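Close look at the chain arrangement
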Amino acid sequence: MIKDYSRLQNGSDIRGVAIEGVAGEPVNLDKEAASRIGGAFIRWLAAKTGKAPETLVVGAGRDPRLSGPELMEGLMAGFSAFGCRSYDFGLASTPAMFMATIFPEFACDGSIMITASHLPYNRNGFKFFTREGGLEKADIKEILRMAGEGDFPRPAEQAAPVSADIIEPYAAHLRKLIIDGADLGDRPLEGLKITVDAGNGSGGFYAGRVLEPLGADVSSSLYLEPDGTFPNHQPNPENKEAMAALSRGVLESGADFGLIFDTDVDRSAAVDGKGREIARDGIVAMASALVAEDYPGSTVVTDSITGRQLTDFLENTLGLRHLRFRRGYRNVINKAIELNEEGVDSHLAIETSGHGAFKENYFLDDGAYLATRITVKAARLHREGKTIDSLIEKLEYPAEEEEIRIPISGEDFGAYGDKVLEDLEAFAREKEGLSLEEPNYEGVRINFGDFGWCLLRKSLHDPIMPLNIASDKVGGCSEIREIMIEFLSGYEKLDTEV
């Protein structure tokens, strides 16, 4: 029986509804689907590596979502059907699952993380890795095709999964990075108070198994216990409530700084000792400041919604080069890899969402690695009587920022969005006072004189056109919004009443 799993594709990931309970969202990612996807991954991996399926070594981990254990059972059944050696890593993080292909005690040929990042509790999904890194969109498309069309053998009893802890060797790896990087002895974090907000996701280990053994006071940390209902706030560094919770935690406890992770720990952001957010353009600036010390003049690749002030900071304060590219963590990572292959030195690919990938760390978007780099620098600055905010003290911000998400109705929303963008580009070229940002790699970015800009683009996966606006004067966003909404209101399939 052929099944169509193509709708589960979300770029280079798989995502679906795994638990009933939300009206209008029927389950489409269940144990059977997981089993077939697990089996398809084995067939895909065997073809890629040239190995017989029974000789492969694979592993899977999960975040705390309620549907995780059942989907894990499905994946393990899919693995065991081919007689390969498989590891059930239990609660894990996305970066740790990539490291399962690197750590010699596991040496996995491939791995899967069961997660849907910051999405609601009823969602879940899969992220895939080989030793070369994360899979691409074309790979996911092929795996889902094979899952729907394949005739899979019954699970083999002799290939039962092995339970293993991936987090301890991963935490040990991070601890060593801090000890070596700080060069301040075996307890380099003595005297530092650090608030970690894990949002009840997988990142709680970072406080107790990375920072505390090195001398840090982590007593003010928040929501470290894994809870798949996420009862306190969305585990998401882009979420206002989440960042506000961390800021309060830092201020109320007198911590030196705070760190926050998303559910599966591939994203992070920070708060300084004064409770000020180091997120969005701020976290890009912070990561870039760390890179600038070791790789002066290199190119930082970011997503498309970064602002003018960030470009000025990267290029004129840090002496780096800034390539503003596209949204999507695989897009920025692949662009940085491409630049290096062309002979252009690039050591950082990072999104404002907190996906940060360093060349020195396999170009893996690893929130814990970014947090570790920040912590190393914080320890060294602490000995000098300085704080982490000193790294980005010259970064300026726009007076106002906002994002409007404009729905598109109808089935062929992609083509409709393309037409809107084509017309908007022509409009911007003709209207006095406006100019197009060039080069530009996503959507249409318009400069409104010297006071502001906007970017209209298509969402990566949804029938939405996000409109990002920034202004260097109070009231400027309103001016830009009025011009843009007047233009967009002429398109009947756009809902501008948002």
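Residues numbered from 1 in each chain as written. Predicted model: local features only at pLDDT ≥ 70, side-chain atom pairs only at ≥ 80, totals over all residues. Heavy atoms only, no water.

**A few points about the nonpolar core**
Applicable threshold: Throughout this description, the term nonpolar core refers to a set of buried Ala, Val, Leu, Ile, Met, Phe, Trp, Tyr and Cys residues connected via side-chain atoms within 4.5 Å. For every residue, the accessible area (1.4 Å probe, protein chains only) is compared with the maximum for its type, and the residue is labelled buried under 20%, exposed over 50%, or partly exposed between those bounds.
Formed by 71 residues in total, the largest nonpolar core has its most connected members in Ile 166, Tyr 206, Leu 211 and Ile 374. With 36 residues, the next largest nonpolar core counts Leu 45, Phe 82, Phe 126 and Met 146 among its residues.

**Considerations on helix α11 (residues 367-383)**
The following threshold applies: Secondary structure elements are defined from DSSP: runs of H or I of at least 4 residues count as helices, runs of E of at least 2 residues count as strands, and each element is numbered from the N terminus. Expected helix span is given by 1.5 Å per residue-to-residue step, counting one fewer step than there are residues. Any pair of nitrogen or oxygen atoms within 3.5 Å is treated as a polar contact; in protein, a donor-acceptor pairing is required on top of that, and neighbouring residues in sequence qualify only through side-chain atoms on both sides.
End to end, α11 covers 25 Å across 17 residues, agreeing with the expected 24 Å (1.5 Å per residue, within 8%). Among the 17 residues in α11, 14 count as buried, and that is most of the element. Taking the backbone nitrogen of Ala 368 as reference, a side-chain oxygen 3.0 Å away marks Asp 366 as the first, capping residue of α11.

**Quick notes on the pattern of salt bridges**
Let me state the cut-off plainly: A pairing counts as a salt bridge when a side-chain nitrogen of Lys or Arg comes within 4 Å of a carboxyl oxygen of Asp or Glu.
One pass over the full model with this rule turns up 38 salt bridges. With a closest N to O distance of 3.1 Å, Arg 209 and Asp 165 form a salt bridge. In this pair, Arg 209 sits in helix α6 (residues 205-211) while Asp 165 sits in the loop between β8 (162-163) and α5 (167-182), placing the two residues 44 residues apart along the sequence. Since its relative accessible area comes to 39%, Asp 165 is described here as partly exposed. We note a salt bridge from Arg 308 to Asp 472, for which the minimum N-O separation is 3.9 Å. Taken together, the positions of Arg 308 in helix α9 (residues 308-317) and Asp 472 in the loop between β22 (464-471) and α13 (476-488) put the pair 164 residues apart, joining distant regions of the chain. For Asp 472, a relative accessible area of 37% corresponds to the partly exposed category. What you see here is one network of salt bridges that share partners, running through Asp 165, Glu 168, Arg 175 and Arg 209.

**Re the packing of aromatic side chains**
The test is simple: Only rings of Phe, Tyr and Trp enter the pairing, Trp through its six-membered ring, and a pair is recorded when the two centres are within 6.5 Å. The plane angle decides the type: under 30 degrees is stacked, over 60 is edge-to-face, the rest tilted.
Within this structure, the stated rule accounts for 16 aromatic pairs. With a centroid separation of 5.2 Å and 80° between ring planes, the pair formed by Tyr 87 and Phe 106 is classed as edge-to-face. One end of the pair, Tyr 87, is in strand β4 (residues 85-91); the other, Phe 106, is in the loop between α3 (94-99) and β5 (110-114), and 19 residues separate them in sequence. Here Tyr 87 matches Phe 106 in class, with each residue buried.

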